[in-house]
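Residue-level structural notes
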Amino acid sequence: KKKKEDDDNEEKNDDGNESSRKRFEPKITETMNVELSTTETYSEIFPMRRGRVEDMSTSAFVTIQRGCDNMCAFCIVPFTRGRERSRDSASILEEAKKRFYEENAREIVLLGQNVNSYSDKSHAAAAEEESSSSSSNTATTTTSNEVYAEGFKSVYVPSRNHEYDFAKLLKDVCAISPELRVRFTSPHPKDFPDNLLQTISDTPNASKLLHMPAQSGSTSALERMNRGYSREAYMNLIDKAKAIIPDVAFSSDFISGFCGETEEEHKDTISLLKRVQYEQAFTFAYSLREKTAASKKLTDDVPEEVKQRRLAEVIETFREAAKEKAKGEIGKTHLVLVEGTSKRDDAKATGRADNGKRVVFMNNDESKKGEYAEVRIREAGVNTLIGDFVKKTTAKAFYDANAGKAWYA
């Protein structure tokens, strides 16, 4: 009985009231809803860019799509970002125009977990409503694998609006101004159908640097990864992109030491790197993630030292191939979007060419951030090109003078 009284007294403060610890002890009365939305796109929210307009980057990111349905065996994204859903195109274009006209962005990067699977269903709904009122039987939405690049498949049957797919959105964003360069990331190779490749080819200010995440150069490894394509299908897509877009450049992702990877499969990745000669490569040693298919069905059985050795070989192979490819840049004149002054030398300016390469040049004509310059390349490294300033220009003038290309020999 005495112990109970002492305990009760401990819950009182000097005023005889219950202590703060007890009074503010939280009581959970409701369960939080943590389910991932299948519809929310935050289309009405435009992220703020900090600082003064003149201090902002020349590049701005615009999110157009969220979630991923691909279910690659190694990837946690479907479990953290949910199912694929796309913003309506009207809100995307409104945000892109704001970035260009009000904030002086001269490059827009369209973002999404599977960005080129974009499909504006609001257009399809409007078209269906209009066709119903006019008794038309015209369909705008297709549910089939025909929307993919040849030889690619997925674990789901996609529903896409042919009237407003990613190719149409890309064209509309590029149409905001010829002075606006447009890139996009991160795509899946399966979502590069012919009409998208043709749109990129026909639109001068659509960047010709395509991110084509291979992950592996081995068909058997790709099957375990649940990527939905073979090495042959991937190479056919690379060759088709080269045929449709003559000045195309590629970047990619690679995983070393995925579950069950053999030395032969690793060598297939090495040979793919040599064959394609990527401009950029994002390389990783495999790290298992909970909830993924790999964590449930496969064994992370490649020793860490083997993963690291293979990763080093992938990086070295990429650098050697990229260095050899970069030699072809010497003597070319590129359209360079100036990003500012070089951090190493105030007399030099730095910017980016259409192929994603950083370009450094003497800034004798005082080119300013957000302007375009013609720069003739005299030295070329894996990631950076060194050049000589030719003249100031506009993107439109450069494209008009060079048949829509972002460089000339």
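Everything numeric here is computed off the predicted structure, so don't read it as measured data.

1. Concerning the layout of surface pockets
Roughly 730 Å³ of internal volume is contained in the largest pocket. If you go around the largest pocket, you meet 29 residues; those closest to its centre are Phe74, Cys75, Val77, Gln215 and Asp253. Mapped onto the lining of the largest pocket, the elements with two or more residues apiece are α3 (77-81), β9 (249-256) and β10 (280-285). The greatest single-element share of the lining of the largest pocket, amounting to 4 residues, is contributed by α3. When the residues that make up the lining of the largest pocket are grouped by side-chain class, the tally is 15 nonpolar, 10 polar and 4 charged.

2. Considering a nonpolar patch on the surface
A contiguous nonpolar patch, built from Met71, Phe79 and Val155 and spanning about 240 Å² of accessible area, is present on the exposed surface. Within the fold, valine 155 resides in the loop between β5 (141-143) and β6 (159-161).

3. Some remarks on the confidence of the model for the protein chain
Detail in the predicted coordinates should be disregarded across regions flagged by low pLDDT. Looking at the protein chain as a whole, the pLDDT averages 88, with 86% of positions reaching at least 70. Here residues 1-26 scores under 50 on pLDDT; set against residues more than four positions off or in separate chains, the count is 9 contacts. For the stretch residues 131-139, pLDDT sits under 50, and the model shows 2 contacts to residues farther than four places along the chain or on other chains.

4. Some details on the environment of lysine 405
Looking at where lysine 405 falls in the secondary structure, it is placed in the loop between α13 (395-401) and β16 (407-408). Every residue in contact with lysine 405, bar those within four places of it in the chain, is listed here: Asp247, Phe398 and Tyr399.

5. Considering the side chain of arginine 85
Positionally, arginine 85 belongs in strand β3 (residues 85-86). Assessed through its relative accessible area of 12%, arginine 85 is described here as buried. Within the local environment of arginine 85, its side chain forms a polar contact with the backbone oxygen of arginine 83, the two atoms lying 2.8 Å apart. Not counting the four nearest positions on each side in its chain, arginine 85 is found in contact with Ser37, Thr38, Thr39, Glu40, Thr41, Gln65, Arg66 and Gly67.

6. What about the pattern of salt bridges?
Here the structure, examined in full by the defined rule, presents 29 salt bridges. For lysine 240, the salt bridge goes to aspartate 194, with nearest N and O atoms at 3.2 Å. With a gap of 46 residues between them, lysine 240 in helix α9 (residues 231-244) and aspartate 194 in helix α7 (residues 194-202) connect regions that are remote in the sequence. Looking at lysine 240, the relative accessible area reads 25%, which means it is partly exposed.

Conventions used here
- Residues numbered from 1 in each chain as written.
- Predicted model: local features only at pLDDT ≥ 70, side-chain atom pairs only at ≥ 80, totals over all residues.
- Heavy atoms only, no water.
- 1 Å grid on protein atoms, 1.4 Å probe; cavity = no way out; pocket = protein on both sides within 12 Å on 5 of 7 lines; lining within 4 Å.
- Points joined across faces, edges and corners; volume = space filled by probe spheres on them.
- Helix = DSSP H or I, 4+ residues; strand = E, 2+ residues; numbered from the N terminus.
- Nonpolar A, V, L, I, M, F, W, Y, C, P; charged D, E, K, R; others polar.
- Patch = residues over 30% accessible without salt bridge, like charges linked within 9 Å, V, L, I, M, F, W, Y side chains within 5 Å.
- Areas by Shrake-Rupley, 256 points an atom, 1.4 Å probe, with all protein chains shown as cover.
- Salt bridge = Lys/Arg side-chain N within 4 Å of Asp/Glu carboxyl O.
- pLDDT = per-residue confidence, 0-100.
- Contact = heavy atoms within 4.5 Å.
- Buried < 20%, exposed > 50% of the residue type's maximum accessible area, 1.4 Å probe, protein only.
- Polar contact = N/O pair within 3.5 Å; in protein donor to acceptor, adjacent residues only side chain to side chain.

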